[in-house]
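Chains, contacts and geometry: an overview
Residue-level listing of the chains:
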Amino acid sequence: MHSKALAPEYQGALNKMSVNSSLTDVLAEGVRHLREAELSGSPQEVARCGLAVAEAHRRLGNVAEADRAWKASYRSARSAGDLGAMAWALWSGGTLARQRGELRLAFRLLGLAADMGKRGGDIVARGYSLAGLAETGRIQGDYETVATLHEQLLAEARARGEARHTVWALEGIAQIHRNTGSLDTALAMFEEAAELAGNADDRRGRAWALRGMADIISLRDGDPERALALLAEAELTCREMNLSSALAYNHKMRANVFFRARRYEEAREMYEEALAEFRAMTEPRGEALARLGLVKSLARLGRDRGETAADLHELRRTLDRIGLLNARDMVDKAYAELGVTPLDGDAGGES
């Protein structure tokens, strides 16, 4: 039996805030309570309120503000000797690093967070940090390494009845299945995640699950209208909760659906919209993936092959620099799909 979804990253004076609270509301309350905590002279409360401020900024795409906030939260937690609060701040910093495409830094900070959570006896902070490590590895494309960790975290979340973490783990495992070709299994897991998130009132989790469902329904079933309807439902949640990153990825998936349906002009417009959104929040992974889709759309609309080859070459370098292990395959597939000859250095899997 699963409980309603909770937001353990909203702590101290903000622990009553819902997982579905608008991020602008979270930020406003976080800043207000942070000022009060600073006046009261409680470093523990400063750390806890600062964590909510950091997370709201991160999810709104305010990268510089989020970076300052998690570091300030960590300093306050360290001055108070609060290992649990230190773990949460490191988790926020590691998650921000992953969002910025700094995967090595993300692994380091999330590893420190998991260790700090264990030492401080904060099992939730440790669980979130391990989940962050698993997600970073999955995004990187290292499925073999992180699949077992995903399964372990899913079993632990089910055992504790933690709906939000169960939804996250289901979606992560579903994405691994999707990327390795097991589309039926992936769809079933996304559907389970969407149902569980709905029952637990986890609107963010449901929005991501609907995106996953739309991806597979478009890819496997060739049903763009149903996929677009699911994405439209998810987009409402993204806008109501000001989920900037989730909205950008929703728009990129909408562009993917248009592209698969050979609606290339609509795909181009949507990739451009997603690309602008990713750039605004300094999210290089999403930016690179949107650029790849845009290059493919422009090629289908008759763009010069030489320009397409040059863009694909640059994208391969960008994706490699971010550390995405499957980047070479993605670009190689684009070369083959578009009938474009790779530039020197891209052929034959060379660096």
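Residues numbered from 1 in each chain as written. Predicted model: local features only at pLDDT ≥ 70, side-chain atom pairs only at ≥ 80, totals over all residues. Heavy atoms only, no water.

A few words on the nonpolar core. If you look at the biggest cluster of nonpolar residues, it comprises 100 residues, and the most contacted ones within it are Tyr10, Trp70, Tyr74, Leu90 and Met213. Those residues within four positions of Trp70 in sequence are excluded, and the remaining contacts are Ala54, Ala89, Leu90, Ser92, Gly93, Leu96 and Leu109. If you look at the next biggest cluster of nonpolar residues, it comprises 17 residues, including Ala309, Leu315, Ile322 and Val340. (Core = buried A, V, L, I, M, F, W, Y, C linked by side-chain atoms within 4.5 Å. Buried < 20%, exposed > 50% of the residue type's maximum accessible area, 1.4 Å probe, protein only. Contact = heavy atoms within 4.5 Å.)

Below, the discussion takes up unusual backbone geometry. Positive phi outside glycine occurs at Asn242, with the angle close to 55°. Among the structural elements, Asn242 can be located in the loop between helix 11 (224-240) and helix 12 (244-260). Asn242 gets classed as partly exposed once you look at its relative accessible area, which sits at 27%. If you check the backbone angles, Arg262 has positive phi at about 65° while not being a glycine. Assignment of secondary structure puts Arg262 in the loop between helix 12 and helix 13 (264-280). With relative accessibility at 66%, the residue Arg262 sits in the exposed group. (Helix = DSSP H or I, 4+ residues; strand = E, 2+ residues; numbered from the N terminus.)

When two helices pack together, you describe them by how their axes are tilted relative to each other and by the distance separating the axes. Between helix 4 (residues 83-99) and helix 5 (residues 103-120), the least distance of the axes is 8 Å, while the angle of their chain directions is 165°. In terms of axis orientation, helix 4 runs roughly antiparallel to helix 5. Between helix 4 and helix 5 lies a crossing of left-handed hand. In this structure, helix 4 contributes Leu83, Met86, Ala87, Leu90, Trp91, Gly93, Gly94, Thr95, Ala97 and Arg98 to the contact, and helix 5 contributes Leu103, Leu105, Ala106, Leu109, Leu110, Leu112, Ala113, Met116, Gly117, Arg119 and Gly120. Here the residues of the contact of helix 4 with helix 5 are counted per class, giving 14 nonpolar, five polar and two charged. (Axes fitted to C-alpha atoms, helices over the stretch in contact; angles between N-to-C directions. Parallel < 35°, antiparallel > 145°, perpendicular 65-115°, else oblique. Left-handed = near helix turned anticlockwise from the far one by under 90°. Nonpolar A, V, L, I, M, F, W, Y, C, P; charged D, E, K, R; others polar.)

With that settled, consider helix 2 (residues 43-60). Given 3.6 residues per turn, any residue in an α-helix points the same way as the ones three and four places further on. With 18 residues, helix 2 should reach 26 Å at 1.5 Å per residue; the first-to-last C-alpha distance of 25 Å fits that figure. Where burial is concerned, most of helix 2 is hidden: 15 out of the 18 residues are buried. Positive backbone phi, at 85°, marks Gly61, one or two positions downstream of helix 2. (Expected span 1.5 Å × (residues − 1).)

On inspection of all chains with the given rule, the structure shows 34 salt bridges. Between Arg220 and Asp221 there is a salt bridge, and its shortest N-O distance comes to 2.6 Å. Here Glu265 makes a salt bridge to Arg268, at a shortest N to O gap of 2.3 Å. With Glu265 and Arg268 both in helix 13, this residue pair falls three residues apart, about one helical turn. (Salt bridge = Lys/Arg side-chain N within 4 Å of Asp/Glu carboxyl O.)

Attention shifts here to helix 4. Over its 17 residues, helix 4 runs 24 Å from end to end, which matches the ideal 24 Å to within 8%, given 1.5 Å per residue. Counted residue by residue, helix 4 has 16 buried out of 17 residues, so it is predominantly covered. Phi turns positive one or two residues past the end of helix 4, at Gly101, with a value near 85°.

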